[in-house]
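Residues per chain, in single letters:
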Amino acid sequence: MTSLPGPQKSRFSLRRLSSPVITCKLGKPAIRGRSSLPTIPKLSLSVKSHSRVDDDSNSENSKIKVYNDRHYGSSRSTPSISFTLLYSSSNSRLTVSVLGVFRGSRRLSGMQVTACLPPLCPETLQAGRKQRRRRSLSAECPAQVFSLQVWSVQELQTCTLRLSISSRDFSGLRETPLGELEMSCAEIQWESDHTFSLTRQLNPARRKLRKSQSCQAAVGAPVSLLRSLGQILILLQYQSLAHRIKVMVRKAQNLPKLSRMPGTPDHSVIINLLQDGTVISTKETKCSSGLNPVWNAPFLFDLPAGDVSTLMLEFIIMQGRLYAKSCVLGRVLIGCEVSEAGNQHWREMRNTPQVETACWHLIQQDTP
């Protein structure tokens with residue numbers, strides 16, 4: 001019986017022509033490549049897509065910036081402050097209420113305002129902490145209110161209102177100056193118990209000068225412009241029957257601190273009665289602590305025979321030091337041939353005997 005011939009083996013190895021065999025080491029399967037697939041230029045597509053996205057984002061940002069500048073004001077626009085002024089002659093007080101700081105129509109938050117009224121109130125004042133830390137559900141922030149003591153409208157018109165605005169960061173520890181406002185009070189026709197609503201643009205904040213520049217700017221400047229020495233309240237009474245003068249040193253306000261030592265210094269007042277430039281009698285108050293000391297110390301000066309016009313009162317304000325002798329802070333002169341305020345107070349005392357007349361006097365720099 002004849003056997004059928006089996007299938008003949010092919011001389012060629014069975015494999016796909018499109019995927020050549022990649023030889024590998026023993027124990028690892030063979031990896032077939034895909035060299036037949038065409039390559040795609042991915043780089044050019046990605047560059048074109050990125051350029052389109054950048055163009056769209058730039059156009060969108062420019063639209064948002066134009067919208068914000070139109071409705072909220074540009075970030076480079078000058079901020080403005082809105083406030084009210086109220087003078088009460090019955091209380092002798094000027095109330096300044098800062099309603100807010102705005103840039104365009106947008107209200108700025110986290111603003112801190114300080115106020116002063118030189119030369120009457122040269123020290124800077126801050127709003128109460130309760131008003132600054134008050135939290136409310138409403139979006140509006142409470143007004144920052146300042147109360148300044150002004151005795152008359154005539155004194156108010158000689159003053160200048162200064163407001164300094166600074167912004168605080170989220171932590172509340174760092175402040176950045178934003179701008180300042182300086183307004184002369186003579187611009188307003190003051191009426192008692194009448195509220196004036198004002199909105200003014202702020203001046204750019206002054207940058208701190210270097211130590212050398214600040215020293216050069218201070219050379220030749222008047223001492224009164226560099227530092228205010230505060231004011232003192234003095235009461236006088238001419239007792240014509242006893243031919244003597246009653247002097248009461250009431251209190252002082254806004255006295256500067258001459259040293260950098262910690263703590264509040266003590267202050268005392270030396271009163272000299274002079275005749276033709278010669279001291280004929282001297283009194284001195286006790287020490288009172290703080291920059292707003294209160295003495296309420298009365299003294300009696302027996303006057304010599306003769307004309308009262310040759311007499312003059314000198315008040316020397318002394319500031320105590322911790323490890324050194326007391327130094328002279330300033331002085332006030334009251335008499336006939338002195339400043340206008342001192343001369344006016346002396347005339348009122350002479351023209352109204354047996355009547356006590358009180359007046360605030362600005363402390364002048366002591367001159368050798």
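Preceding this section is the structure that the text describes.
Keep in mind the model is a prediction, meaning the values are calculated, not measured.

1. Examining the sheet that holds strand β13 (residues 231–239)
Pairing within the open sheet is antiparallel, and its four strands lie in the order β18-β14-β13-β21. Bordering the open sheet on either side are β18 (294–302) and β21 (357–362), each of which pairs with just one other strand. The mean inter-strand angle of the sheet, taken between neighbouring strand axes irrespective of direction, is 25 degrees. Alignment of β13 against strand β14 (residues 244–253), held across nine bridges, turns out to be antiparallel. By the bridge assignment for β14, L236 is matched with V247. Across the sheet, helix α6 (residues 340–351) is in contact with β13, β14 and β21; its angle to β21 comes to roughly 170 degrees.

2. Quick notes on the pairing of strand β3 (residues 80–88)
Residues in a regular strand point their side chains to alternate faces of the sheet. Counting buried positions along β3 gives eight out of nine residues, so the element sits mostly inside the fold. Between the antiparallel neighbours β3 and strand β4 (residues 93–103) lie four residues, among them S92 with a positive phi of about 55 degrees. As defined by bridge partners, β3 adjoins strand β11 (residues 194–201) across eight bridges and the pair is classed as antiparallel. Note that in β11 the partner of Y87 across the bridge is H194.

3. Points about the environment of F102
Mapped onto the elements, F102 comes out in strand β4. What makes F102 partly exposed here is its relative accessible area of 24%. Between the C-alpha atoms of F102 and I81, which are 21 residues apart in sequence, the distance is 6.2 Å. Apart from the residues lying within four places of it in its own chain, the contact partners of F102 are P79, S80, S82, R107 and L108.

4. A few points about the nonpolar core
Of all hydrophobic cores here, the largest spans 31 residues; its most connected members are F83, L85 and L117. Counting residues per element, the ones that place at least two in this core are β3, β4, β6 (111–117), β8 (144–149), β9 (160–168), β10 (175–184) and β11. Apart from the residues within four sequence positions on either side, L117 is in contact with L94, P122, L148, V150, L156, C159, T160, L161 and C185. Residues A252, I271, V308 and M349 belong to the second largest nonpolar core, which totals 29 residues.

5. Some points on the side chain of S82
Here S82 is to be found in strand β3. Once residues within four sequence positions are removed from consideration, S82 is found in contact with S97, V98, L99, G100, F102, L198 and T199.

6. Concerning the pattern of salt bridges
If you walk through the whole model with that rule in mind, you get four salt bridges. The shortest N-O distance in the salt bridge between E182 and R162 comes to 3.8 Å. Here E182, found in strand β10, pairs with R162, found in strand β9; they are 20 residues apart in sequence, far enough to count as distant. We classify E182 as partly exposed; its relative accessible area is 44%. Look at R162 and you get partly exposed, because its relative accessible area is 38%. Across the pair E187 and R200 runs a salt bridge whose closest N-O atoms are separated by 3.8 Å. Of the two residues, E187 is situated in the loop between β10 and β11 and R200 in strand β11; the sequence distance between them amounts to 13 residues.

7. Digging into the sheet that holds β6
Strands sit in the order β7-β6-β9-β10-β12 across an open sheet of five strands; the sheet is antiparallel. The open sheet has two edge strands with one neighbour each: β7 (121–126) and β12 (203–204). Of the strand pairs in this sheet, β6 and β9 are connected by six bridges, and their pairing is antiparallel. Paired with T114 across the bridge in β9 is S164.

8. Some points on the environment of T160
You can see T160 is positioned in strand β9. Distance from T160 to P118, taken between C-alpha atoms, is 5.8 Å for residues 42 residues apart in sequence.

9. Details of unusual backbone geometry
Of all residues except glycine, most have a negative phi; of all peptide bonds, most are trans. Here the bond from P118 into P119 is cis, since omega is 0 degrees, no more than 30 degrees from zero. Looking at the element boundaries, P119 is found in the loop between β6 and β7. A positive phi angle, close to 55 degrees, is found at D276, a residue other than glycine. By the element assignment, D276 lies in the loop between β15 (266–275) and β16 (278–284).

10. Considering the pairing of β7
Bridge count between β6 and β7: three bridges; the pairing is antiparallel. Counterpart to T114 in the pairing with β7 is Q126. The antiparallel pairing of β6 with β7 creates a hairpin that spans three residues between the two strands.

11. Concerning α6
Taking 1.5 Å of rise per residue, the 12 residues of α6 would be expected to cover 16 Å, and the 16 Å separating its terminal C-alpha atoms lies within 8% of that figure. Within α6 the residues assigned to the buried category are G342, H345, W346 and M349. An end-on view of α6 places all buried positions within 100 degrees of arc, on one side of the element. Seen from the open side of α6, the exposed residues pointing more than 90 degrees away from its buried face are E340 and N351. Packed against the buried residues of α6 are β13, β14, β19 (311–319), β20 (327–335) and β21.

Basis of the calculations
- Residues numbered from 1 in each chain as written.
- Predicted model: local features only at pLDDT ≥ 70, side-chain atom pairs only at ≥ 80, totals over all residues.
- Heavy atoms only, no water.
- Pairing = 2+ DSSP bridges.
- Helix = DSSP H or I, 4+ residues; strand = E, 2+ residues; numbered from the N terminus.
- Axes fitted to C-alpha atoms, helices over the stretch in contact; angles between N-to-C directions.
- Contact = heavy atoms within 4.5 Å.
- Buried < 20%, exposed > 50% of the residue type's maximum accessible area, 1.4 Å probe, protein only.
- Core = buried A, V, L, I, M, F, W, Y, C linked by side-chain atoms within 4.5 Å.
- Salt bridge = Lys/Arg side-chain N within 4 Å of Asp/Glu carboxyl O.
- Expected span 1.5 Å × (residues − 1).
- Arc of directions from axis to C-beta.

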